[in-house]
Every structure is written in C-alpha cells, then in structure tokens.
Amino acid sequence: MLFWVIAAILTLGASLAVLLPLTGGVKGSSPAGDHDLEVYRDQLSELDRDMARGLIQPGEAEEARAEIGRRILRLGAAAQSGATNSTSSRSARLLASVAVLAVPLLSWGLYGMLGSPDLPSQPLAERLAKNPADSSVDELVARAEAHLAANPSDGKGWDVLAPIYLRLQRFPDAVTAYRNAIRLDGDSAVRQAGLGEAIASAAGGIVSADAQNAFEAALKLDPANAKANFYLAVGLAQEGRKAEAVAAWQKMLGQLAPDSPWRNAVQQALAEAGEPAFAEAAPANGPDAQQVEAAQQMSPQDRQAMIETMVAGLDDKLKQNPRDEEGWMRLIRSYVVLGKADQARDALGRAVAVFGADSEQAKKFTAFAASLGVTATE
Amino acid sequence: MVETGHFALVLAFALSLVQMLVPLVGARTGNQRLMAVGGPVTVTGFALTALSFAALASAYAGSDFSVASVWENSHSLQPMIYKITGTWGNHEGSMLLWVLILTFFGALVAVFGNNLPASLKANVLAVQGMIGAAFFLFILATSNPFLRLNPAPIEGRDLNPILQDLGLAIHPPMLYLGYVGFSICFSFSVAALIEGRIDASWARWVRPWALVAWMFLTGGIAMGSYWAYYELGWGGFWFWDPVENASFMPWLAGTALLHSAIVMEKRSALKIWTLLLAILTFSLSLLGTFLVRSGVLTSVHAFATDPTRGVFILCILTLFIGGSLALFALRASRLTAGGLFHPISREGALVLNNLFLTTATATVLVGTLYPLALEALTGGKISVGAPFFDLTFGPLMLPLLAIVPFGPLLAWKRGDVIAASQRLMAAFALAIAAVLVTGLFVDGASVFAALGVGLAVWLVAGALTDLAVKSGAGSVPPVVMLRRFAGLPRSVFGTALAHLGLGLTLLGIVGTLCFGTEKILSMHPGETVELSGHTLRFEGLTPQKGPNFTEDRGRFLLLSDGNADGEITSAKRFYPVRQTVTTESGIRTLGLSQLYLSLGDENKDGSVVVRLWWKPLVTLIWGGGLVMMAGAAMSLLDRRLRVGAPAKRRKPAAALASPT
C-alpha cells in the first residue's frame, strides 16, 4: 500500500514538472542576438581587466578590441532577420496536453508490465531476524549457518545441518558439515555414511576412494548400514565389477526390513544393472507381476533365456547366502521345471550339505525333491 | 524500496521522452512555454534517476537477493565497500550509473544555463533527452536491474573476484563521468546544427565541458591502467586491449576537441571543426560503450553477454552517430566559419595538434575494429597487438610530442617560430643533456631509451619555459617576475601542468620499458633473490582466511646490508563461491620506482614460483595522469572569459621577444 502512495506522489511530482512551465507566465526573454552581445561586452571588459593586470600589452589589447567590435557589428546585421513568435498555437497546446498526460499513462502502463509491486524488499538481515515459523528452509539454513559461523565448535549444529545440506543438494557444504560433526561429536555409522554420500554426490555420483573409506568406516561401526552397503555396491558397479555389485544388492534385499526405504533404491539399481530383483526374501515369491507379464510377451527362446538367467541369479544368491530354506526349494523346483535333473540333484546335495544331513531341513528337502522325482543319489 | 526505484526509473524514462520532444518543438516554433518545459523536466528526471540508483545501491548494501542482479553479483559475506561498489560492478547497474551521470550533467545545464539563449538551451536539453530516452529504453528492455526473484534465494553468487577491489569504486565512475561528459559537447553541437548557427556563448560553454570530461576521462584511464597493473599480476600497465582502446580513442579525440575549443573560444576560429570533433568524440564514447557492453569483446568488462543487448546498442550507435553526421553534412554549410589566421601561429599549432591527434585516433580505431570486422566477415581470428600500435601510433605521437612546447609560446593569429625556438633553447639544451647523460652513464641504455628520456625532459622543461617566459624571465627583474608569476591566469598554469604531466607520463613509460628488469624463479622458504640491487628473502607461505576467500600469503623481506628493510606480501586468493583464483601482487614503492612481485603456482617440492619485476620510475606513468588532471582542474577554476589578443601584422623583432 505504501508503495502505491509513493508511486502516486512521484507521478504527481513528475507531471507537475511538465505542467507548471506550460501554465506559468512567459518571462520576457531576449532574442539570441542579445546573448551574443552580452558575451562580447563581457569580453571587452575582460580585456580591460587583463590590461590593468599587465597580462597583455596596450597594442595587443587595441587589436583585440577592434576584432570584438567587428563581431558586434556583424551581429547587428544578422539580428534584423530573426524574430521569434511567442504566441501559443493550437498544435502547441495539443502537444502540451499530450506531454502532461503521457507521463502518468506511460509510466503506470510500463511499470504494470515490468514491475512486481506486490513483492516487498527483502534485505538479508531482516529475513534472518523474523519469526522462524515464517521462514523458508533456505532462511532457516542461513540462520543455522550464521549460528555456526559464530560457534563453529557446536557439533550438534553441524550434525543437524549436514543432512539438510544433502537434501538441498549443497554437497560440498554437506561434506564440510559431516566432517565437522565427526570431528566434534565423534564417529557414528550414520555420519560416516552421510559423509560418504556427500562426497559421492559432490563428485556427480562417483564413489571415489574418499567416499569408499567413509562407507567402510560406517560398516565397521554398523555392518547392516543400508546406505553404506548400497553405495559400496554402486562403487563396485562403477569399477566394472558388476557381478559383485549385483550380488551385494541382492544380499541387501535379503536383509532389509520389508518397509525399508532402501528397498526401492536397490531394486532400481538392480534393474539398471540388467539384473532382476530376484531374491526377494519376504512374502513375494518368484518374479513379480511385471516380470511375468514381460515374460508372457516374449518369444519362447527369450522367455527360456530370461527364466534361465533368473534361476542362475537365484543359484548365485544361494551360494553367498546359503541358509535360505525356501530359496533352495525354489531352486530345486526351477531346475526340475527346466528339465535340468542333474543340476536339480546338485542343488539338493548342496542344500543338504548346508544344513547338515541330519537336520530337519535336510529331510524336508529330500522329501520335497522326491515329490518332484529327484533323489539325492543316482 | 526496490519497487520504488523501479517505478522511478520508468518515470524517468517517460520524462526523458517529454524532454526530448517538447523543448525541440518549442525551439522550432519559437514557443517560449514549450521551451521552458526542458529545464524542470531535466532536473526532475535526474532526481528520479538518482532515487532509482539509490534504491538499487541500498538493495546491494542490504544483500536483497530478491533482486536478480543483486543475487547474481553479490554475496552476504563481502565487505560493505564491495557490496556498494558491486552496484555498478555488473552490466545492469553500470548502465544505470551511465544514465545517472547523463541526467546529472543534463540537470547541470538546466540549472546553470540561464545565460544561454532560450532556443539553444531548449535544443541542448532535447538532444540530451534523446540520448537519455535511448539508454533508458535500453535498460528497461534488455538490462533491467530491478527484475525480481520470488522466492528469493538466500545467498548470492558473489561479485567477480577481480572486481572486489577499491579500483571498482573509482575507475568506472570516473570513466563514465568522462564518457558522458562529452555528451554535453555533443548535445551543444547538434543543437547548433539544428539551429543552423553558432552563438558566441556556444564556445563559452563547450570548452569547460570538454575540460571536465577530459579531466575525468584522464583520471579514469590512469586509474584503470594502475588497477590492471596491480590486480592482474602481469606487471603491465597498458595492453592495447580493445577495451582500453575503447576509452583511449575518446581521450585522443577529446584532447583534440579541448585544443580546438580553446581556439574557438579565444579566437572564434575553427568553429565547424570543433563542432565536428565534439560529435566524433561522443561517437567514440558511444562506440566504446558498444564494444564493452555488447559482448563483442570478451573481457572482465563484458560481465554477461547477450546478443539482444549488442543489437540494441548498435541501433543506438547508428542512430546517434549516423544522425548527427547526416545533420552535420546537411547543415554545416549554413554555419558561418570563424576568423582567419596565419599558418604559423597559436591557432596553426593547435590545428597541427588536431591533425596528429585525429590521425592517431583513426589509427587506434583501425587497430581496434579491424580484427573484429575480420572475425565477423571471415570468421578468422587475428590479434592486433602492441607491434601494430608501436609501428603506427608511436611514429605519429613522437613528432606531436616534439612540437608540444612550441604551441603555448606562439602568438595568436601570427606567430614567429624562430622567436619561440630562441626561448626554448634552454629546454632544448636540458633535453640534449638528458640524452647524453642517459646514453653515457646509465647501463644498458639503448639509443631509443636515451632519446625517449630526452623527449620527456624536453616536454617538462618546455612546459616550465612557458611559465618562465610568461612571467617575463630574463627581461624583468626577479621581483617583478615573481609578482607576474603569481598573477598569471590559472589557465596558463593549467596548460603548463597538463603538458608537464604528459612529459612525466612519457618519462615513466620510457623508464619502465627500457630500464626495467624481471626474473622468474622458484623459491624455497629462506632463499634470497637479487634484482637490480634489491635483495629479497622468501619467508614462506601462510594460509589465511578473508571474509569471503581463503588465501596463501607469501611473505618476502626486503634486505639491505643483511637487515630487514620492509616487507612485501603477495597472495594467491581462492574465492569458493565463484571457484576463482586471483593473484594479489605485492608492490613496494621505492622513490618513484616500484618492486613488483607476484606469486605463481606451488611446486611439488614445496618451492613456489615467484615473478619479480623492478620497474624504475613506473609511478610517474599515473602520477603524470594526476598532474594532467590537476592542470585541467586549474584551467576550470579560471573564471575569466577567454579573449585571445591577436598579434599585429608587422611587429618589430624586439616586441616579439616581449611576453604575450
């Protein structure tokens, strides 16, 4: 509101600057020739003063005076011709009114197009001083930064700020914040993993040696840290050790809680690596609906190939994580379905070996295999 | 506040349109009321522009990142001085400064122009209004400094680190005062062409304006040169860079204008030529603005490049240069030429000066524009650097400098070269002595160096001779001479100081170029190095933290006879926001000379690359500029009217020897 009042006052002032001279009385102004005459008279008196000060010789002064005199004579001849008219004509009045109107119309119209009258000034100091509840995330961060600039040894402050930096994609700042938090408040898996993520993100997602060290430090403190596990696998994939990466991810899927936010990320990573997220330990068994649908649209050869890869993946997974009852049973059945009796028998043998020949599981496996027509020995 | 500034800018644009049209029509039809509009509108336009600029400056000072230009060119951690100077350290803000100065000068004419004929004043203000309107439109259409961001970012992108220097507070405002000051001379010329006649008061007005503009331009160029010298870390003071040439060309033309305006004011001669020079000088200022602002050239001055801006400025350029020259072609024949003079006379000397200066300007123009034109036409990139200018500009300047001392000693209308030469005998002897001393006693002096020193001494001694002769040295007793010296008009001192400053600058250039030495080496802490008799010990690098940068500061101790005799520090600064590294050179002034030091990269073995220069007499380069400015100021303070008394046709030889 205040802005509009100021704008109105300014407009009024500007319009008056145009209007007043137009309505004011005309001063008796002299023709241009009079001004010239005045200059020449000034010159003559200056000449006298110069002579009095001894700056020029009398002879020279005489010469100069004669020259100025000739100029004045010439002026008199020219003055006859020029005459000004000071009456105001109709077109002059028209121009005057257009000019007076143009100032407010043009300025308000143009400002309407260009300006942002509703946006107040926002000096930084004011923004940082207002009630935190009204502040944006950026402003809160800036305030926390100001606080930390004053108290750089506040480890808790760095610890709070670091993940916010990560979310705001200010990665180099996040690296600094995590380092400070670790330095001041000590090591923790979460901080180390965060540091690793910040370093990797700052490098455009490349898991460098620095980042790897941080992740490994995190795993030392908490072997199940999902972030560290995930990124280390990413690092493996970036080094070209794809198989190891896939295995690591699949192992993660086996261990993650069903509602873990990392599940999605891992599945996506596997999909990108060209490996199906096969080894889902919890409820879902076997390929998901999408994969089944995809399989149905494939040619028979492709479908066969896809199923074989999936089975091979499962086999790999069981080699690394052998204490998976259901997994073994699924593997045995898969080999039977594929008509690979030898491999089914081999899998049965391995499964029995894992749990011990006398265990409950071994008996269950043997019975299951027998129901499919597979016996442990030939 | 920000939006108030924006609104004031729009309002100022609207007023500039009124200022451009109404007084012009008034002058055409002889309507007093319409002509009278010019003054108040100009003053109000200036007030609004000043308000607008203040609003922008306060947005910069308060780090208001809701303003796009502030966000792009400022940072909350910058020291306050750089926050404020950052207002014009970017394209948008610098254009606003440009129109602020333009409207300021316009307002000065409006306020102090009461003794001008009404129609001349109206026309001058109208032409100023045209220039103003064009640039206001340019700002609003392509470079609006008041564009807003919503939501506002919390931190800015920082000012270009090279510009975070005190130089930014001085160089651009001074340069703009110079550039834009010539707009008044331009407006007066175009007004005279519109009117079809040149009033006697015309000359009285043009000379001081040319002088003001020239003074600031001199200061601006000298400051820019010194800034580049210490900030870029190469130790060079002039690079013949197109951006430098862009300011140098108006200076050369402006120097010519200044001299021809003297002839015009004192003798009513050279009227048409002066008028043309005024047009050319401002045209070159506009050309400079175009070269720097359009992004045609890539440099620290270009800030951001945007093709639409280039096209827009090119249109302004074409309109004003083309328009004024066309008007000149149409109307010049109607103007009455001024008085006559003998070729050998003060006027003649000034004409010669003008010939040399305009030719030199043309040379620089060719050297600056040719590579650009070639690139535009064929795409080929060539670089026209120092060798071209040394071969063309140098030979043109040398004879001009050689005849400078003669000018002030010649009489108006008819001069006597032989008499003038006799008076300059002492100066000439001094110059010859300087050549001999330099050639024989200074190690490593080439013939060129000796002659250069001689020329510089010739200029300085010539300027002093002028003062001595005018106070009557040799013909009157010392007491009278002192009294006369004190009573000399300030303009005489102005001339002498300006010419003396020129000599000093030349001496500085010759000294630095011919006697300077340099060394590049890598140093470990504790090592010493010797350069031209000065011993420096490297103390080591220490990391330090500034408000918005971190730096490695290298300390060097200056040793004399094994004892520490002062310290020089040079630093490599890193500005994290812009990810830029700058070099802060270390300079120690010893007498008129300087020891210049700049840090290079750190080697793996812990040593640091150090570049060292010994620059004898280097401060005279800019000191001469300051003396020239002082001369201009002195001349401005001279409130007398200028009447040049002509010499008589046949004068006895004895009379010629007497002071004029």
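Residue indices follow the written sequence of each chain, beginning from 1 at its first position. Throughout, the order in which chains and ligands are written sets their labels, letters from A for the former and numbers from 1 for the latter. Since the coordinates come from a predicted model, pLDDT governs what is reported: local features require at least 70, and pairs of side-chain atoms require 80 or more to be given and counted, while whole-chain, interface and lining totals use all residues. The side-chain values count all of the structure's non-hydrogen atoms but skip hydrogen atoms and water molecules.

Asks: Sorry if this is basic, but what is going on with the overall build of chain A here?
Replies: Regarding its fold elements, chain A presents 18 helices and zero strands. In this description, contact between two residues means that some pair of their heavy atoms is separated by no more than 4.5 Å. If you take every contact in chain A between residues at least 6 apart in sequence, the share linking residues at least 24 apart comes to 48%. Working definition of accessibility: Shrake-Rupley area with a 1.4 Å probe, residue cover restricted to the visible protein chains. Summing over all exposed atoms, chain A offers an accessible surface of approximately 21100 Å²; the carbon and sulfur share of this is 58%. Helix numbers and strand numbers start at the N terminus; a helix is a DSSP run of H or I with at least 4 residues, a strand a run of E with at least 2.

Asks: Where do I start with the interface of chain B and chain A in this structure?
Replies: Interface size is commonly expressed as the accessible area that is lost once the parts come together. Between chain B and chain A, the contact holds 72 residues from the first and 65 residues from the second. In short, buried area is how much 1.4 Å probe accessible area vanishes from two parts on joining, totalled over both. Between chain B and chain A, a total of about 5700 Å² is buried, with carbon and sulfur atoms accounting for 64% of that surface. Whenever a carboxyl oxygen of Asp or Glu lies within 4 Å of a side-chain nitrogen of Lys or Arg, that contact is scored as a salt bridge. At the surface where chain B touches chain A, the tally comes to zero salt bridges. In protein, a polar contact requires one atom able to donate a hydrogen and another able to accept it; more generally it is a pair of N or O atoms within 3.5 Å, and residues adjacent in sequence count only if both atoms are side-chain atoms. For the interface between chain B and chain A, the tally reads ten residue pairs in polar contact (both at pLDDT 80 or more). Side-chain classes are defined by residue name, with Ala, Val, Leu, Ile, Met, Phe, Trp, Tyr, Cys and Pro counting as nonpolar, Asp, Glu, Lys and Arg as charged, and the others, Gly among them, as polar. In terms of residue class, the side of chain B that touches chain A is made up of 38 nonpolar, 19 polar and 15 charged.

Asks: Is there a simple way to think about the pattern of salt bridges in this case?
Replies: Residues and elements named next belong to chain B. Counted under the stated rule, the structure contains 19 salt bridges over all chains. Between arginine 573 and glutamate 551 there is a salt bridge; the shortest N-O distance is 2.8 Å. One end of the pair, arginine 573, is in strand E5 (residues 563-575); the other, glutamate 551, is in strand E4 (residues 550-560), with 22 residues separating them in the sequence. Grouping residues by exposure puts arginine 573 and glutamate 551 together as buried. Buried means the residue's accessible area, taken with a 1.4 Å probe over protein chains only, is under 20% of the maximum for its type, while exposed means over 50%, and partly exposed covers the values in between.

Asks: Mind showing me how you'd approach the environment of arginine 263 of chain A here?
Replies: Residues and elements named next belong to chain A. One can find arginine 263 in helix H13 (residues 262-272). Judged by relative accessible area, arginine 263 falls into the buried class, the value being 13%. When the C-alpha positions of arginine 263 and tryptophan 249 are compared, they lie 9.6 Å apart, and in sequence the two are 14 residues distant. Setting aside residues no more than four positions away along its own chain, arginine 263 makes contact with Leu253, Leu256, Ala257 and Pro258.

Asks: Even after reading the chapter, I still don't get the sheet that holds strand E8 (residues 593-602) of chain B, so can you show me in this structure?
Replies: Within a sheet, neighbouring strands are paired by backbone hydrogen bonds and run either parallel or antiparallel to one another. Residue and element names in this part refer to chain B. Strand pairing is defined by DSSP finding a minimum of two bridges between the two strands. With respect to topology, four strands assemble into an open sheet ordered E1-E9-E8-E7, the strand pairing being antiparallel. Only two strands of the sheet have a single partner each, and these edge strands are strand E1 (517-523) and strand E7 (586-590). Strand after strand, the sheet turns through a mean of 15° between neighbouring axes, direction not considered. Here seven bridges tie E1 to strand E9 (residues 608-615), and the two strands are oriented antiparallel to one another. By the bridge assignment, isoleucine 520 is partnered in E9 with arginine 611. Every axis in this analysis is a line fitted to C-alpha atoms, fitted for helices over the stretch in contact. Angles between the N-to-C directions lie between 0 and 180 degrees. Packing of helix H8 (residues 200-231) onto the sheet brings it into contact with E7, E8 and E9, and relative to E8 it is tilted by some 45°.

Asks: It is not clear to me how the packing of aromatic side chains should be interpreted in this structure. Could you clarify?
Replies: The geometry of an aromatic ring pair is captured by the separation of the ring centres together with the interplanar angle, meaning the angle of the planes. Residue and element names in this part refer to chain A. Pairing of aromatic rings covers Phe, Tyr and Trp, the last through its six-membered ring, and needs centres within 6.5 Å; plane angles under 30 degrees mean stacked, over 60 mean edge-to-face, and all others mean tilted. Taken as a whole and assessed by the stated rule, the structure comprises 40 aromatic pairs over all chains. For the pair phenylalanine 215 and tyrosine 231, a centre-to-centre distance of 5.2 Å together with 5° between the ring planes defines the contact as stacked. Of this pair, phenylalanine 215 sits in helix H10 (residues 209-221) while tyrosine 231 sits in helix H11 (residues 226-238); the two residues are 16 residues apart in sequence, bridging distant segments of the chain. With a relative accessible area of 0%, phenylalanine 215 lands in the buried category.

Asks: What exactly am I supposed to notice about the sheet that holds strand E3 (residues 534-545) of chain B here?
Replies: Residues and elements named next belong to chain B. Pairing in this open sheet of five strands is antiparallel, and the strands run E2-E3-E4-E5-E6 from one edge to the other. The open sheet has two free edges, formed respectively by strand E2 (528-531) and strand E6 (580-584), since each of these has just one partner strand. The average angle at which neighbouring strand axes cross in this sheet is 25°, direction not considered. Strand direction decides the pairing type here: E5 and E6, joined by five bridges, are antiparallel. Note that in E6 the partner of tyrosine 575 across the bridge is threonine 580.

Asks: How should I be thinking about the pairing of E9 of chain B in this particular structure?
Replies: On a regular strand, each side chain points to the face opposite its neighbour's, so the side chains alternate between the two faces of the sheet. Residues and elements named next belong to chain B. E9 sits mainly inside the fold: six of its eight residues count as buried. Both E8 and E9 contribute to a ladder of seven bridges, which runs antiparallel. Residue pairing for E9: glutamate 602 is matched across the bridge by valine 608. The antiparallel pairing of E8 with E9 creates a hairpin that spans five residues between the two strands, and glycine 606 there sits at a positive phi of about 90°.

Asks: So what exactly am I meant to see when it comes to empty space enclosed by the protein here?
Replies: The probe, sized like a water molecule, is rolled over the atoms to show the empty space still left. Residues and elements named next belong to chain B. Using a 1 Å grid laid over the protein atoms alone, points where a 1.4 Å probe fits but cannot get out form a cavity; open sets with protein on both sides within 12 Å along at least 5 of 7 lines form a pocket; any residue with an atom within 4 Å of a point counts as lining. Grid points are joined across faces, edges and corners, and a volume is the space filled by probe spheres set on the points. Counted according to the given criterion, the structure contains two cavities of 30 Å³ or more. Approximately 80 Å³ is the volume attributed to the largest cavity. Contributing to the lining of the largest cavity are 15 residues, with Gln19, Thr103, Gln128, Gly129 and Gly132 lying nearest its centre. Secondary structure elements with two or more residues in the lining of the largest cavity: helix H1 (2-29), helix H2 (32-61), helix H5 (91-112) and helix H6 (118-142). Split into classes, the residues belonging to the lining of the largest cavity amount to six nonpolar, nine polar and no charged.

Asks: Before we go on, may I ask you to explain a nonpolar patch on the surface in this structure?
Replies: All names here are of chain B. Taken together, the side chains of Phe428, Ile432, Leu436, Val437, Leu440 and Phe441 define a hydrophobic patch exposed on the protein surface, amounting to about 650 Å² of accessible area. Here valine 437 is to be found in helix H15 (residues 425-441). In this structure valine 437 comes out as partly exposed when scored by relative accessible area, which is 44%. Like-charged residues are merged into a patch within 9 Å and nonpolar side chains (Val, Leu, Ile, Met, Phe, Trp, Tyr) within 5 Å, provided each residue has over 30% relative accessible area and no salt bridge.

Asks: Before we go on, may I ask you to explain the side chain of arginine 346 of chain B in this structure?
Replies: Residue and element names in this part refer to chain B. When you line up the elements, arginine 346 lands in helix H12 (residues 346-378). His is not counted, nor are the chain ends; Lys and Arg add positive charge and Asp and Glu add negative charge. For the buried arginine 346, no salt bridge is present, and the opposite-charge side chain at shortest range is aspartate 466, 6.5 Å distant. Setting aside its immediate chain neighbours within four residues, arginine 346 contacts Gly407, Pro408, Leu410, Ala411, Trp412 and Lys470.

Asks: When you look at the nonpolar core in this model, what are you seeing that I'm missing?
Replies: Note that soluble globular proteins tend to have their nonpolar side chains buried in a common cluster. Of all hydrophobic cores here, the largest spans 155 residues; its most connected members are Val18 of chain A together with Trp98, Phe188, Trp202, Leu252, Leu275 and Phe393 of chain B. In terms of residue count, the dominant contributor to this core is helix H7 (residues 167-195) of chain B (17 residues). Once you skip the residues sitting within four places of it in the chain, phenylalanine 188 of chain B turns out to touch Leu116, Leu120, Val124, Trp202, Trp205 and Val206 of chain B. Counting 44 residues, the second-largest nonpolar core is a separate cluster that includes Ala181, Ile182, Ala228 and Tyr231 of chain A. By nonpolar core is meant a set of buried Ala, Val, Leu, Ile, Met, Phe, Trp, Tyr and Cys residues that side-chain atoms within 4.5 Å join together.

Asks: Any chance you could explain the packing of helix H7 (residues 155-167) of chain A against helix H8 (residues 171-185) of chain A here in plain terms?
Replies: Each pair of packed helices gets described by two things: the angle between the helix axes and the distance between those axes. All names here are of chain A. The geometry of H7 relative to H8 is characterised by a closest axis approach of 8 Å and an angle of 155° between their N-to-C directions. Here H7 lies roughly antiparallel to H8, going by the angle between them. Between H7 and H8 lies a crossing of left-handed hand. Counted together, Gly155, Lys156, Trp158, Asp159, Ala162, Pro163, Tyr165 and Leu166 of H7 and Phe171, Asp173, Ala174, Ala177, Tyr178, Asn180, Ala181, Leu184 and Asp185 of H8 form the full contact between these two elements. When an angle is under 35 degrees it counts as roughly parallel; over 145 it counts as roughly antiparallel; between 65 and 115 it counts as roughly perpendicular; any other value is oblique. Take the far helix as the reference: if the near one is turned anticlockwise from it by less than a right angle, the crossing is left-handed, and if turned clockwise, right-handed.

Asks: In this structure, what is going on with the environment of leucine 211 of chain B? I would like to understand it.
Replies: Its location among the elements puts leucine 211 of chain B in helix H8. Discounting chain neighbours no more than four positions away, the residues touching leucine 211 of chain B are Leu258, Ala632, Ser635 and Leu636 of chain B.

Asks: Help me understand the confidence of the model for chain A, please; the structure alone is not making it clear to me.
Replies: Detailed reading of predicted coordinates is not advised where the pLDDT is low. Residues and elements named next belong to chain A. Known as pLDDT, the predictor's confidence for each residue is given on a scale from 0 to 100. Across chain A, the average pLDDT comes to 78, with 83% of residues at 70 or higher. Confidence, read as mean pLDDT per element, is least for helix H14 (residues 289-296) in chain A (55) and greatest for helix H1 (residues 2-23) (91). Within the model, pLDDT remains below 50 along residues 80-86, and this stretch shows five contacts once partners closer than five positions in the same chain are excluded. In the model, residues 278-286 has pLDDT below 50 throughout and makes 14 contacts with residues more than four positions away in sequence or in other chains.

Asks: For this particular structure, what's the right way to read the side chain of serine 247 of chain B?
Replies: Residue and element names in this part refer to chain B. Structurally, serine 247 can be placed in helix H9 (residues 242-267). Its relative accessible area of 7% is what places serine 247 among the buried residues. At 2.8 Å, the side chain of serine 247 and the backbone oxygen of glutamate 244 are in polar contact. Among all residues touching serine 247, those that are not within four sequence positions of it are Leu175, Tyr179, Leu217 and Ile221.

Asks: Can you walk me through unusual backbone geometry in this structure?
Replies: Glycine aside, negative phi is the norm for most residues, and most peptide bonds take the trans geometry. Residues and elements named next belong to chain B. Here serine 63, not a glycine, exhibits a phi torsion of approximately 50°, which is positive. Position of serine 63 relative to the elements: it lies in the loop between H2 and helix H3 (68-73). With relative accessibility at 2%, the residue serine 63 sits in the buried group. Notably, tryptophan 240 is not glycine yet its phi reads approximately 50°, a positive angle. Here tryptophan 240 lies in the loop between H8 and H9.

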